Amino acid sequence: MDAVRERYPEHFKRLGPQRLPMIAVATAMLVLLLYGMQVLGFFDGKLLSGMGRLVEIAGLMLPPDPGSWAHARAYGMALIETVAIALLGTLSAAILALPVGLLAARNVTAQRIVRFLARRSLDTIRSVDILIWALIWINVVGLGPFAGALAIMTSDIGSFGKLFSEAIEAADRKPVEGITSTGGGHFMGIRFGILPEVFPVLVSQVLYYFESNTRSATIIGIVGAGGIGLHLAEAIRTLELQQTSFIILMILVTVAAIDLVSSQLRFAMIGRRGGVSG
Amino acid sequence: MAAYDASVRSRRWHTLLMVACVAAAMLLASISAEVSPVKFLENIHRFPSYIIRLFYLENGQPVWTDIGEWFWGLNRWLRLLWETLLMAYVGTLLGAVAASCLAFLGAANVAPARWIRLVVRRFCELCRTVPELVFALLFVIAFGLGPMAGVLAVAIHTLGALGKLFAEVVENIDMKPVEGVSSTGAAWHVAMRFGALPQVLSNFASYALLRFEINVRGAAVMGFVGAGGIGQDLIEAIRKFYYSDVSAILVMILITVAIIDSLTSLLRHRLIGLEGKN
């Protein structure tokens, strides 16, 4: 061992000079972490007592129990409403986002200024959280699931617009050229050259978003925009912990079921090989 | 020609059937989500007027006529934004560190035992399916109002999301270095440290940075349920109709998110470059 150590001394140095930047970054991150934890109150002594209470809460959550049959039915209805909000928001967003996506795609819209404006507005829409959209729509159409569906629609127009425009830009140019060469106009080129090619990709993206929107739809109820979130927030605030865990369990089962259905549909749509681009 | 017509006709039927199914689903969903076109049309004018109203001060002047009045709470909001960023940072780092430990236990190729892998997978799935805000609501009960509950909610959700992604990264490594280290009689954790970790570290960092972007947005709304950050002031401003405050806070959040996004994408491209060089 000593002979090896003598022959390759550079491999036995604990800290080679090439590792210094790495160590500096790690130290800086650690210092920032400790500073952050200090600012956010991790060292105020609340952490340990909180952990104790958390264990207690987890114990009280078991076993999941809706309390009464009427509760269970109300939760079931709210869950259906949640899925409806997600479905409606996703589909209407997809329909509305298609023209915007075309406007933002380089190979469809030649005017740079139109493209720029379309992209910027999509970026702005996307940066505002779905809960904030829900609060804004509540001001417009009042409390209830309708506001939730509109919130999901608004925030998804931003995401779909971007994804769709990217999918359209990645489309093959040749079908469009073929159509143009037979005398077809710009619109014909889009309709018969681009859309048939990108449609399966768009559908698979929409299905993927439907899954994730079901999750979002479970929380917009917390601000009053319909769905199961209202019941969930209420159960937590009134410390009905067994009902809380029952609702969470129902959400998990529903999300898993929708995952399953939509991934089956996706595979049927685009075949097992084709993934979602972007 | 007849065969062509028949084929076109059958495809048209197919398309029509799908459109009908989607339309039926939307109709059912809109009944469940209490969609009312009348209410929508009657109130839709409030949406643009609400957005426009956000950019007027209490005295009826547009916000840009008096920037000082618009951003009257600048110091407080900057402090809260800093708190939000720290929440995202601490949450991401804690979650990512935990996830990188769990990833090796949950990856099919290196997991020490099958049952450990299954338990880890289920745990990660639970952590990422339950929405962040639900964790935040629960943690607010245990730890009291304040940023700590938000940080822990962000950390748990990050653990779930990154645990899955990291495990997939580990499953794609080259097994030869791991076998080499194991063949010298090294224990499992040593084999992981010297055989697997160097291969996955840059990918881990890249995913963690992406997650940090998402978590900044997530941390910005944690305040909606009392879990710290700028969200507390935002929801108060929305609920109490302090219009110009809403726009001021939203503008600050949007700018911060844009800065963070460009910084992290810069860093990620450097990381990907590093990986290419190795």
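The structure displayed is predicted, hence computed values, not measured ones. (Residues numbered from 1 in each chain as written. Chains lettered and ligands numbered in written order. Predicted model: local features only at pLDDT ≥ 70, side-chain atom pairs only at ≥ 80, totals over all residues.)

Asks: In this structure, what is going on with the domain arrangement of chain B? I would like to understand it.
Replies: Accessible area lost upon the coming together of the parts serves often as the stated size of an interface. Residues and elements named next belong to chain B. According to the domain assignment, chain B consists of domain 1 (2-35), domain 2 (45-70) and domain 3 (71-277). Using only C-alpha atoms to locate each centre, domain 2 and domain 3 end up separated by 36 Å. Contact with domain 2, which involves 11 residues of that partner, is made by seven residues of domain 3. Considered class by class, the residues forming the side of domain 2 that touches domain 3 number seven nonpolar, one polar and three charged. (Domains from an automatic or database assignment. Contact = placed C-beta atoms within 7 Å. Nonpolar A, V, L, I, M, F, W, Y, C, P; charged D, E, K, R; others polar.)

Asks: Is there a simple way to explain the domain arrangement of chain A in this structure?
Replies: Per the domain assignment, the segments making up chain A are domain 1 (2-44) and domain 2 (69-270). Just the C-alpha atoms count here: the centres of domain 1 of chain A and domain 2 of chain A sit 44 Å apart.

Asks: Can you help me understand the interface of chain A and chain B in this one?
Replies: Facing the 46 residues of chain A at the interface are 46 residues of chain B. For the side of chain A that touches chain B, the secondary-structure elements that each account for two or more residues are α3 (20-39), α4 (46-60), α5 (69-104), α7 (130-141), α8 (145-169), α10 (186-219), α11 (228-237) and α12 (241-270) of chain A. A total of seven residues in the side of chain A that touches chain B trace back to one element, the largest contributor, which is α5(A). Here the residues of the side of chain A that touches chain B are counted per class, giving 33 nonpolar, eight polar and five charged. (Helix = DSSP H or I, 4+ residues; strand = E, 2+ residues; numbered from the N terminus.)

Asks: Is there a simple way to think about the confidence of the model for chain A in this case?
Replies: A residue-level look at chain A finds 94% of positions with pLDDT of 70 or above and a mean pLDDT of 83. Between residues 272-278 of chain A, whose pLDDT stays under 50, and residues either more than four places distant or in other chains, the model counts nine contacts. (pLDDT = per-residue confidence, 0-100.)

Asks: What is the right way to look at the environment of A:T90 in this model?
Replies: All names here are of chain A. By the secondary structure assignment, T90 is in helix α5. The exposure class assigned to T90 is buried, which follows from the 26 C-beta atoms found within 10 Å. In sequence terms T90 and V206 are 116 residues apart; their C-alpha atoms lie 6.9 Å from each other. Not counting residues up to four positions away in its chain, the partners in contact with T90 are I152, D156, V206, Y209, F210 and N213. (Buried ≥ 20, exposed ≤ 12 C-beta atoms within 10 Å, placed from the backbone.)

Asks: It is not clear to me how the nonpolar core should be interpreted in this structure. Could you clarify?
Replies: Side chains of nonpolar character tend, in soluble globular proteins, to be buried together. The biggest cluster of nonpolar side chains holds 155 residues, and the ones touching the most others in it are A:A134, B:A136 and B:F139. With sequence-adjacent residues up to four places away left out, A:A134 is seen in contact with A:A147, A:G148, A:A151, A:I220, A:V223 and A:A225. (Core = buried A, V, L, I, M, F, W, Y, C linked by C-beta atoms within 7 Å.)

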